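In case you want the letters, here they are:
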Amino acid sequence: MNRYDAMFRRLGARNEGAFGAFVTLGDPDLATSSDILDALVEGGADMLEVGIPFSDPVADGPVIQAASVRALAKGVTPADCFALLTHFRSRHPDIPVGLLTYANIVVARGREAFYQAARSAGVDSVLVADVPVFEAAPYLAASRASAIAPVLIAAPNTPESTLRRLAAEGEGYTYCVARAGVTGADEEVRFGHSQLLGTLKAFGAPPPVFGFGISRPDHVAAALDAGAAGVISGSAIVRLIADNPGEEADAVRGFVADMKAATRR
Amino acid sequence: MLMDGRFGAFGGAYVPEILMPALEMLEKAFLDAQQDEAFRKELGDLLLKYAGRPTPLTRCRNLGNDRARIYLKREDLLHGGAHKTNQVLAQGLLAKRMGKTRIIAETGAGQHGVATALTGALFGLETRIYMGAHDVERQKLNVFRMQLMGAEVIPVTSGGQTLKDAVNEALRDWTASFEDTHYLLGTVAGPHPFPLMVREFQRIIGKEARAQILEEEGRLPDAVIACVGGGSNAMGMFADFVEDEAVRLIGVEAAGRGIEGDEHGATLLRGRPGILHGAETYVLQDVDGQIADTWSVSAGLDYPAVGPEHAHLKDSGRGEYVGATDREALDAFALLARSEGIVCAFESAHALSHALKMAEAATEDTVLVVNLSGRGDKDMEQAQRLLSGDAA
């Protein structure tokens, strides 16, 4: 059984939602980033979503853009990220790890080579933020060839024909965009997703996980109430890293524990 | 999508899933409008009576020589000061047709921002322009012109603070605002349907030029020459000549301070295929795929990607792409002013610079058509500074 299925089964038996923590790899530097990943697990994250820093992250808001800038300023490369993840995997054999990146990072290495490198680093899934289902075919093929789960994005405005393909082709989980716009930590998040979730379920899509704007425990509870199998929080964690120099790991550990607590019902 | 949005291996639509419905809506509106006589008539009237089409084809009286005649397609005379006006009027009409109440745009030199601002004013659309902070500084007059026409100008401080970064911010805005907002992209780059749509709305340039040169010379030109940043004035000039295989299509990129270094915008000459701003195309990047910061004296050519159809024309061999340095462009800019009494944009001076080289090298009767894509008002302050050493 793959790590996502095992996680959802384990959490389902306990009536818990999954808490996913996102950080940008190499932010603020490689050594600290490694400690932060450990702290996310210690805090109780059920799954990790990690970004390879990219110079032009159009799907990201200012907080995660700034993380990319910090990592790139330290000279962090995709190869560094894969090495970081390889070491992480040797310490944490069971937690699902998803990679989030942009198409140019993938094709610069070569699609097949990129997915193989991800597999070798112990990565479970890859989500390419600027590859919609419309362009996904060669990415899906390369993903499968390396036994990596392709994670696809569903938005409230995604048409049914696309959701049907997404349900058939996606694996691991379905990344549901909680609202329009780029990533960011909002004050208010509303989940009017009953129709989307109903359609995904009818088509047999992988479990829906909500991202974008999840920054407080009440957001977590609201997302799970709306029918999500889990949530991913990114900008809120990345902001803690930026705001707590020297104490990044402690800051994110406590935050993750609070967010994880809200997944237990 | 009704089409695959490809030019050979290039193009496509690489955007977050949430933007796909907006692109599909735009594609449909564009294809419908192309078939709609009322739309074509309204656009035709605007181009004629508001923008000032057709623009003249001017034969240089003093540049060129007894072998080579240089003609200038005078997009600099268009209302707004550049070819950009052609397609913003069309996209403005499309925005209205789709029921959008707000338009956003990126701008480099500010010409597309000015064109978008005039469209916003004309059609009563709320207008926001994203412009790299570095470009805001070097194109102050255009910033004021945009504001005068009611547009809000947002300086973008991320990355190299130029055109690339302005596109990023416009895309981010659009992912949150697509329900009431049209992204009025300024060139033949970006995701489908923009490269196709903007080319079609700029096709008028080459269509007029082709008829005009036949009238003047009784034959087709040996080459049509245009500068290439994103590549819309070049695609507009090339589109009606693509089938004329004897006519060379020459795109001139910004060689900046020299293409051997890192300070240039010569994407087709020095980049390699990648994916940026929604399209598979040539991209200036490092080995890992991080996008390079670019340099050109002209803000409009300071861009690390290029329209995907140019990538296809290059790889298929139909198009030829060359570079002109800052220095060469400035020399051509000054020479055109002195010889012909025409002050062109720095961007267009890159194209002219190459035409002058071709004229010099010509050994037989040669006819060259240069797309003089914009006028130089916006560049006056910078030209004064850069050329003051020369005048002394």
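Thresholds, definitions, all that
- Residues numbered from 1 in each chain as written.
- Chains lettered and ligands numbered in written order.
- Predicted model: local features only at pLDDT ≥ 70, side-chain atom pairs only at ≥ 80, totals over all residues.
- Heavy atoms only, no water.
- Contact = heavy atoms within 4.5 Å.
- Salt bridge = Lys/Arg side-chain N within 4 Å of Asp/Glu carboxyl O.
- Polar contact = N/O pair within 3.5 Å; in protein donor to acceptor, adjacent residues only side chain to side chain.
- Helix = DSSP H or I, 4+ residues; strand = E, 2+ residues; numbered from the N terminus.
- Nonpolar A, V, L, I, M, F, W, Y, C, P; charged D, E, K, R; others polar.
- Buried < 20%, exposed > 50% of the residue type's maximum accessible area, 1.4 Å probe, protein only.
- Arc of directions from axis to C-beta.
- UniProt positions renumbered as here; feature names shortened; annotations may be inferred.
- Phe/Tyr/Trp six-rings, centres within 6.5 Å; stacked < 30°, edge-to-face > 60°.
- Lys NZ or Arg CZ within 6 Å of the ring centre and 35° of its normal.
- Core = buried A, V, L, I, M, F, W, Y, C linked by side-chain atoms within 4.5 Å.
- Pairing = 2+ DSSP bridges.
- Axes fitted to C-alpha atoms, helices over the stretch in contact; angles between N-to-C directions.

Draft legend 1. Geometry of the interface of chain A and chain B. Between chain A and chain B, the contact holds 36 residues from the first and 35 residues from the second. Put simply, chain A and chain B have two salt bridges between them. The partner of R6 of chain B in a salt bridge is E135 of chain A, and the shortest N-O contact between them spans 2.8 Å. Here chain A is connected to chain B by 17 residue pairs in polar contact (both at pLDDT 80 or more). No other element matches helix α5 (residues 103–109) of chain A, which puts five residues into the side of chain A that touches chain B. When the residues that make up the side of chain A that touches chain B are grouped by side-chain class, the tally is 23 nonpolar, eight polar and five charged.

Draft legend 2. Representation of helix α6 (residues 140–148) of chain B. Residue and element names in this part refer to chain B. Buried within α6 we find N142, V143 and M146. All buried residues of α6 fall inside an arc of 105° around its axis, so they share one side. Looking at the packing, one finds that the buried side of α6 touches β5 (102–107), α4 (111–123), β6 (126–132), α5 (133–138) and β7 (152–156). Looking one or two residues beyond α6, the residue adopting positive phi is G150, at roughly 95°.

Draft legend 3. View of unusual backbone geometry. A cis amide bond, omega 0°, links D27 of chain A with the succeeding residue P28 of chain A. Within the secondary structure, P28 of chain A is located in the loop between β1 (18–24) and α2 (30–43). The omega torsion of the bond from R53 of chain B to P54 of chain B falls at -5°, within 30 degrees of zero and hence cis. Note that P54 of chain B resides in the loop between α2 (37–51) and β3 (57–59).

Draft legend 4. The arrangement of the UniProt feature "active site" (unreviewed entry) in chain A in detail. In the numbering used here, UniProt assigns the feature "active site" (unreviewed entry) to E49 and D60 of chain A. Judged by its relative accessible area of 1%, E49 of chain A is buried. Among residues more than four places away in sequence, those in contact with E49 of chain A are A21, F22, V23, G98, L99, L100, L127, Y173 and I232 of chain A. Mapping D60 of chain A onto the fold places it in the loop between β2 (47–51) and α3 (62–73). If we skip the residues at most four places from it in the chain, D60 of chain A touches Q65, Y102, V182 and T183 of chain A together with R172 of chain B.

Draft legend 5. Up close: the packing of aromatic side chains. The final tally for this structure, using the stated rule, is 12 aromatic pairs over all chains. A ring pair is formed by F30 of chain B and F201 of chain B, whose centres lie 5.6 Å apart and whose planes are at 90°; its orientation type is edge-to-face. Here F30 of chain B, found in helix α1 (residues 20–34), pairs with F201 of chain B, found in helix α8 (residues 194–202); they are 171 residues apart in sequence, far enough to count as distant. Each of the two residues, F30 of chain B as well as F201 of chain B, counts as buried. Connected via pairs of aromatic rings, a cluster forms that spans Y4, Y173, Y175 and F212 of chain A. Lying over the aromatic face of Y139 of chain A, R111 of chain A brings its terminal NZ or CZ to 4.8 Å of the ring centre. A cation over a ring is seen here: R257 of chain B above W295 of chain B, with NZ or CZ 4.1 Å from the ring centre.

Draft legend 6. Highlighting helix α6 (residues 111–120) of chain A. Residue and element names in this part refer to chain A. Where α6 is concerned, the buried positions are F114, Y115, A117 and A118. In an axial view of α6, the angular spread of the buried residues amounts to 160°, which keeps them on one side of the axis. The first or second residue beyond α6 is G122, which carries a positive phi of 85°.

Draft legend 7. Structural detail: the nonpolar core. One finds L37, L40, L99 and I237 of chain A to be the most contacted residues of the largest nonpolar core, which totals 148 residues. Here the element with the most residues in this core is α1 of chain B; it accounts for seven residues. In this view, L37 of chain A contacts V23, L25, L48, V50, L84, L85 and F88 of chain A; residues no more than four positions away in its chain are not counted.

Draft legend 8. Representation of the sheet that holds β7 of chain B in the model. Residues and elements named next belong to chain B. Strands sit in the order β7-β6-β5-β8 across an open sheet of four strands; the sheet is parallel. In this open sheet, the two edge strands, each paired with only one partner strand, are β7 and β8 (181–183). Adjacent strand axes in the sheet meet at a mean angle of 20° when their direction is disregarded. Judged from the six bridges that link them, β5 and β6 form a sheet pairing that is parallel. Counted as the bridge partner of I104 is R128 from β6. With respect to the sheet, α4 is in contact with β5 and β6, its orientation differing from that of β5 by roughly 165°.

Draft legend 9. Geometry of the sheet that holds strand β14 (residues 366–372) of chain B. Residue and element names in this part refer to chain B. The strand order across the open sheet built from six strands is β3-β4-β14-β9-β10-β13, with neighbouring strands paired in mixed fashion. Because the sheet does not close on itself, it has two edges, and the strands there are β3 and β13 (319–325). The average angle at which neighbouring strand axes cross in this sheet is 30°, direction not considered. Here strand β9 (residues 223–227) runs beside β14; their pairing, made up of three bridges, is parallel.

Draft legend 10. Looking closely at the pairing of strand β12 (residues 279–283) of chain B. Residues and elements named next belong to chain B. Along β12, five of the five residues are buried, which leaves the element largely enclosed by surrounding structure. Sheet topology note: the strand β11 (residues 272–276)/β12 ladder contains five bridges and is antiparallel. Note that in β12 the partner of G274 across the bridge is T281. Taken together, β11 and the strand that follows it, β12, pair antiparallel across an intervening segment of two residues, in which H277 is found at a positive phi of about 50°.

Draft legend 11. Looking closely at the pattern of salt bridges. With the rule as written, the count across this model stands at 47 salt bridges over all chains. A salt bridge links E42 of chain A to R253 of chain A; the nearest nitrogen and oxygen atoms lie 2.8 Å apart. Pair noted here: E42 of chain A is in helix α2 and R253 of chain A is in helix α12 (residues 248–261), with a separation of 211 residues, a long-range link. The exposure class of E42 of chain A is exposed, given its relative accessible area of 52%. Note that R53 of chain B and E75 of chain B form a salt bridge whose closest N and O atoms lie 2.7 Å from each other. Of this pair, R53 of chain B sits in the loop between α2 and β3 while E75 of chain B sits in the loop between β4 (68–74) and α3 (84–97), and the two are 22 residues apart along the sequence. Judged on exposure class, the residue R53 of chain B and its partner E75 of chain B are both buried. Residues participating in the shared-partner salt-bridge network are R14, E16, D46, K260 and R264 of chain A.

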